[in-house]
Amino acid sequence: MSNHNLFEPEETHHFRGGFSYAEDDTKQLPRSFLVVKLSPNIPENTLLWLVDKIRGERAEGGAELLVMKQPYNKKEGVVLHISASMIKFLLVAEEMDMMKQDIFSDMNELENFQSKDVHIDDLLTVTERQNIVKHELENIRASPKDTSIPGYPNIELYEGQSIIHVCLKANIVKQIYPLHDKESLKKLGASWYLSLLNKQPFDEIREYFGEAVSMYFSFLGYYTFALLLPMTLGFVQLLVSAETVPFFCVVNVIWATVFLELWKRKSNELAFKWGTIGMTSLDEPRPNFYGHMGKDHVTGRLQPQYPRYKTNVKMYLVSIPIVFLCMIGAFIMMLASFWIEDLIRNVDSEWTPTLLLVPSVLYTALVYIVNVYYRKLATWLTEWENHRTQSQFDRHRVTKLVLFEFVNNFMALFYIAFYIQDMEMLRSQVATMLIILQAINHVQEAIIPLIVKLSTTKMVQYNLLGSDKNKRRDSHQSICSSYEPLHEIAEIHKDDSRIQEAEEEGMMEDYEGTYDDYLEMFIQFGYVVLFSSVYPLAAFWAVFNNVLEIRADAFKLCVVYQRPMGKRVKDIGAWQRCFEILGALAIMTNCGLLCLSPQMKTYAPDYSTEKWFMLFVFLEHLLIGIRYLIHIAIADKPEWVRMELARKAHESRKALKSERAKKSRRTNFSRRFKTVHGPHRH
């Protein structure tokens, strides 16, 4: 694309070739922003229909995107590369209300960017353009005429359904993914996971991976820095005296509250800088949101409409009871493991020490298997509830999953602490969870996927070499078969590096989002705030793990996984509430552990059970009151963010008032013109 004024008319463009190119440069293909791999067995009429939907005009239900294809390979099927024209990027960015930090202005005010020196590459990042292409693909929705997918009469469509998601579910489309930018990734890696002492490059992370990934690493860095205080206090507790346990219990609870309130301020600051602070439940509906097509009351555009009460009925009458039944089942499994251990412990045999390991091993394996199926169930239930926006969907899905994970990861510790009341066993269990399990997670997340990636890369290179050697032999067969789909679509040259990149990255593991990463931090935070009074080194091992976690997570994103699609977020979503609930539970657990600790009982050996209970209630209410005061004292948004939001709101009102005044003057002038000159016409 030439570097001309974004708002001047573009040269004459041809669209029948599947992409837009200028008359004087017909051989230059646009950049690939998404790769779409189709099933090798896709019928020709389905292929043509799908490509027409991608290329077609919006008035006819199309996405108006630019399509290229790789040289056809019968085994792999058709592989498409999707892009968009310059004006398409700008129009959709305007619809999506994208905001640029440079001038704190949204994309609706396009005249702010009118400059001959401004190019699309400077205005929109690669991640933003990938999101635009993905947004248009996912919003190819079935019209009333589209009752089923051509070639697949059994796959019925209803009005407003996302066609691309139906094709993915039916395996007509095998994969959709963006390609990595090798040069940008190399620069990012050098300043990120290869640099141990430097600050994380959050702006570069956001530019390459999007807001969701950058928000996660911002949280991880902020949380790790905040852990330095309880880590220091933990060492002091070990060195000074065990009699200081009450003090550290109280400090840990206050620290957790202050940290979460300060992080809320930090996330609002980031959201304002990134232009996502105004995201609401009335934003663009997610692709899988279904309902009858109707005029949106806010935007005026034609969008799927679905009654909110139906979603609430599904949630409260079906989903929540199912989730609680699953939680009860997980709790029973945990109790059964302890009961079986007690039975084995009472058996007098030389095999008893070995047999004691069996219930724990079986329970761990069973939890892993149940987790896999429960995750699918939670995703299906949330999909069935039909939430409007992606942020609502993520929030309700995370809530279902976290409730189940809480039972699996913490109920055993509560059982040991408050039923068995074995503090040594509790200390050993927390240490095992923090040290051994986190080490296993690092191996699972980074090392194993890296080995798989290296093996698949060699496999791809071998396949490409084999295809070159057999090219002459295959060419004769291809002449005989003479099947070459999509003749009118521009073909990428066989030596183009995008072909090998698409092949290699298509075999990489898909990054499923930040859920697992946040879950690790959630569980770790629980160990630190709930039980660190029993195991003072909990915060130290958390810091040690997180320093490695930052580099390991960065490494797997840059090297191991497919490039994830950028995702706009304004905060950490449901995780903020989950962490806050753990902070509230920490008050009860720390007060309970305090009252059960031998150190406290030495101070008051004559206290009855009732007096200890009254002490527990007093401490609990005192800390809840302190927590509430901290919540009130620390504002959710920094002062400068509140001032900027107020200024923007004032400017918007002022602009609206000015526009109304102009309209009113035009109307009055028109009336006056008719009044003065009307009589002279007679």
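Each chain has its residues counted from 1, running along the sequence as written. Per-residue local features are limited, in this predicted model, to residues with pLDDT of at least 70; the limit for side-chain atom pairs, both in listing and counting, is 80 or more; totals at the level of whole chains, interfaces and linings are taken over all residues. The basis for every side-chain value is the complete set of non-hydrogen atoms in the structure, without hydrogens or water.

Helix numbering and strand numbering both begin at the N terminus, where a helix is a DSSP run of H or I of at least 4 residues and a strand a DSSP run of E of at least 2. Across its full length, the chain holds 23 helices and eleven strands. Taken over 682 residues, the chain has a buried fraction of 46%. Considering only contacts within the chain whose residues lie at least 6 apart along the sequence, 75% involve residues at least 24 apart. Only the protein chains shown count as cover for residues, with accessible areas throughout obtained via the Shrake-Rupley method and a probe of 1.4 Å. When the accessible area of the chain is evaluated, it comes to approximately 36,400 Å², of which 60% is carbon and sulfur surface. Between buried and exposed lies partly exposed: a residue is buried under 20% and exposed over 50% of the maximum accessible area for its type, with that area taken using a 1.4 Å probe on protein chains only. Whether two residues touch is decided by their heavy atoms; if any such pair falls within 4.5 Å, the residues are in contact.

Burial along strand β2 (residues 66-69) is two-sided: L66 and M68 facing one way and V67 and K69 facing the other are all buried. The pairing of β2 with strand β3 (residues 79-83) spans four bridges and is classified as antiparallel. Within β3, the position partnered with V67 by the bridge is I82. Think of it this way: DSSP has to see at least two bridges between two strands before they count as a pair. Pairing of β2 with strand β11 (residues 490-491) involves two bridges; the strand directions are parallel. Each bridged residue has a counterpart across the sheet, and for M68 the counterpart in β11 is A490.

As annotated in UniProt, the feature "transmembrane region" (unreviewed entry) corresponds to residues 216-239, 245-263, 315-340, 352-374, 401-420, 521-544, 578-600 and 612-630 in the numbering used here. The span residues 578-600 is 96% helical and 0% strand by assignment, and the distance between its end C-alpha atoms comes to 31 Å. UniProt positions are given in the numbering used here, feature names are shortened, and annotations may be inferred rather than shown by experiment.

With that out of the way, let us pick up the side chain of E385. Position of E385 among the secondary structure elements: in helix α13 (residues 357-385). What E385 contacts, discounting residues up to four positions off in sequence, is Y306, T311, K314, M315, S319, H396 and K400.

Definition used for salt bridges: Asp or Glu carboxyl oxygen within 4 Å of a side-chain nitrogen of Lys or Arg. Going through the model one piece at a time under the given rule, you end up with 29 salt bridges. Across the pair E385 and K400 runs a salt bridge, and its minimum N-O distance is 3.0 Å. You can see E385 sitting in helix α13 and its partner K400 sitting in helix α14 (residues 390-420), a full 15 residues away along the chain. When its relative accessible area of 7% is taken as the criterion, K400 is described as buried. Where R642 meets E639, a salt bridge forms, and the shortest distance between an N and an O atom there is 2.4 Å. Taken as a pair, R642 and E639 lie in helix α23 (residues 639-677) at a separation of three residues, close to a single helical turn. Among the residues examined, R642 registers a relative accessible area of 36% and is labelled partly exposed. The partly exposed category is assigned to E639, whose relative accessible area is 45%. Taken together, the shared-partner salt bridges connect R58, E64, K88, E95 and E136 into one network.

Our next topic: the side chain of E520. One can find E520 in helix α18 (residues 515-531). By the counting scheme adopted, Arg and Lys are positive, Glu and Asp are negative, and His together with the chain ends is not counted. Salt bridges are absent for the buried E520, whose nearest opposite-charge side chain, K556, sits at 5.4 Å. Each residue touching E520, except ones within four places of it in the same chain, is listed here: N441, E445 and E549.

Running from N to C, helix α8 (residues 211-226) and helix α10 (residues 245-274) point in directions that differ by 150 degrees, and their axes come no closer than 11 Å. As the angle between them shows, α8 and α10 are arranged roughly antiparallel. For α8 against α10, the interelement crossing comes out right-handed. Across the interface between the two elements, E211, S214, M215, S218, F219, Y222, Y223 and A226 from α8 touch W255, F259, L262, W263, K266, S267, L270 and W274 from α10. Of the residues belonging to the contact of α8 with α10, the class tally is eleven nonpolar, three polar and two charged. Lines fitted to C-alpha atoms define the axes, with helix axes restricted to the stretch in contact, and inter-axis angles between N-to-C directions lie between 0 and 180 degrees. These descriptions rest on fixed angle ranges, namely under 35 degrees for roughly parallel, over 145 for roughly antiparallel, 65 to 115 for roughly perpendicular, and the rest for oblique. A clockwise turn of the near helix away from the far one marks a right-handed crossing, whereas an anticlockwise turn of less than a right angle marks a left-handed crossing. The residue classification treats Ala, Val, Leu, Ile, Met, Phe, Trp, Tyr, Cys and Pro as nonpolar and Asp, Glu, Lys and Arg as charged. All others, Gly included, are polar.

Looking now at the environment of D571. Inspection of the secondary structure assignment puts D571 in the loop between α19 (538-560) and α20 (574-596). Along the chain, D571 and E269 lie 302 residues apart, while their C-alpha atoms are 9.8 Å from each other. Setting aside chain neighbours within four positions, we find D571 in contact with M215 and S267. Polar contact criterion, stated in full: a pair of N or O atoms within 3.5 Å, where within protein one must be able to donate a hydrogen and the other to accept it, and residues adjacent in sequence count only if both atoms are side-chain atoms. Separated by 2.8 Å, the side chain of D571 and the backbone nitrogen of G573 make a polar contact.

pLDDT gives the predictor's per-residue confidence on a scale running from 0 to 100. Mean pLDDT for the chain: 82, with 83% of residues reaching 70 or above. Ranking the elements of the chain by mean pLDDT puts strand β5 (residues 105-106) last with 44 and α8 first with 95. Confidence over residues 1-26 falls short of pLDDT 50; this stretch has 63 contacts with residues more than four positions distant or in other chains. Considering only residues more than four positions removed or in separate chains, one finds that residues 474-481, a stretch of pLDDT under 50, has one contact.

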